[in-house]
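# A closer look at the structure
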Amino acid sequence: MIDKFEKQVITVTGIVVALFIFSIVYAMKKYDANVPECLPYDKAYEEPKVNKLDESTYQVFAVAKMWSFEPSQIYIPAGSEVDFFLTSKDVVHGFNIADKNVNMMAVYGAINKTTVKFEKPGVYKIVCHEYCGIGHQNMEAEVIVNYPESK
Ligand code: CUA
């Protein structure tokens with residue numbers, strides 16, 4: 001036999017959980033917020049690189065370490081959709097892309113993934129926004145959209 005108050009607590013908890021889930025789904029639809037995924041760890045992601053899947057689809061294996069991101073410059077054409085796979089070689093770092101809804105953590109032994117669409121040409125700064133030691137403020141990279149490929 002469930003106590004009357006227990007029943008109330010269960011009901012309220014259910015409503016609150018439903019509200020949380022609704023808020024996340026609403027933000028994803030309305031504000032194009034992307035909820036990062038956690039992927040099973042794979043050593044392959046420790047090798048920084050940019051994979052071109054087709055003209056407008058890219059994969060970036062981003063590696064954070066004290067105190068830089070690799071690759072540090074990512075060249076893509078405007079209108080591209082990019083899957084970022086993020087990991088760290090040492091401590092916890094942040095991964096924030098200016099003007100985009102991206103706020104991820106780079107964690108050793110873990111792979112976080114998010115997808116970002118770059119419609120407008122420009123240079124999008126990536127910064128570390130988790131204090132990670134003496135060189136923290138120097139940790140940055142950039143996504144260069146619609147600029148000629150070089151290097
Ligand atoms: Cu890496 Cu702060």
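Let us look at the structure shown here. (Residues numbered from 1 in each chain as written. Predicted model: local features only at pLDDT ≥ 70, side-chain atom pairs only at ≥ 80, totals over all residues. Heavy atoms only, no water.)

Let us now look at the side chain of serine 88. Among the secondary structure elements, serine 88 is positioned in strand 6 (residues 80-88). A polar contact of 2.6 Å, which involves the side chain of serine 88, links it to the backbone oxygen of valine 91. When near neighbours in sequence (up to four residues on either side) are disregarded, serine 88 contacts Ala64, His93, Ala106, Val107, Tyr108 and Gly109. (Helix = DSSP H or I, 4+ residues; strand = E, 2+ residues; numbered from the N terminus. Polar contact = N/O pair within 3.5 Å; in protein donor to acceptor, adjacent residues only side chain to side chain. Contact = heavy atoms within 4.5 Å.)

Oppositely charged side chains are able to pair whenever their charged atoms sit close together. Under the definition given, this model contains six salt bridges. A salt bridge links lysine 43 to glutamate 46, with the shortest nitrogen-to-oxygen separation between them at 3.6 Å. Residue glutamate 46 is classed as buried on the basis of its relative accessible area, which comes to 17%. Among the ionic pairs, glutamate 55 bridges to lysine 52, the shortest N-O distance being 3.6 Å. Overlapping salt bridges, with partners in common, bring together Lys125, Glu140 and Glu142 in one network. (Salt bridge = Lys/Arg side-chain N within 4 Å of Asp/Glu carboxyl O. Buried < 20%, exposed > 50% of the residue type's maximum accessible area, 1.4 Å probe, protein only.)

Within a sheet, neighbouring strands are paired by backbone hydrogen bonds and run either parallel or antiparallel to one another. Read from one edge to the other, the open sheet built from five strands follows the order 5-11-10-7-8, with strand pairing classed as mixed. The open sheet is flanked by strand 5 (73-76) and strand 8 (102-106), the only strands paired with a single partner. With direction set aside, neighbouring strand axes in the sheet form an average angle of 20°. Bridging between strand 7 (residues 93-97) and strand 10 (residues 122-127) involves two bridges; their strand directions are antiparallel. Following the sheet pairing, asparagine 96 is matched in strand 10 by valine 127. (Pairing = 2+ DSSP bridges. Axes fitted to C-alpha atoms, helices over the stretch in contact; angles between N-to-C directions.)

Before going further, it helps to examine the packing of aromatic side chains. In the structure shown here, the tally under the stated rule is eight aromatic pairs. When the ring of phenylalanine 84 is compared with that of phenylalanine 118, the centres are 6.4 Å apart and the planes differ by 70°; the resulting orientation is edge-to-face. One end of the pair, phenylalanine 84, is in strand 6; the other, phenylalanine 118, is in strand 9 (residues 111-118), and 34 residues separate them in sequence. In this structure an aromatic cluster arises from ring pairing among Phe69, Phe84, Phe95, Phe118 and Tyr124. It is lysine 4 that lies over the ring of phenylalanine 5; its NZ or CZ is 5.3 Å from the centre. (Phe/Tyr/Trp six-rings, centres within 6.5 Å; stacked < 30°, edge-to-face > 60°. Lys NZ or Arg CZ within 6 Å of the ring centre and 35° of its normal.)

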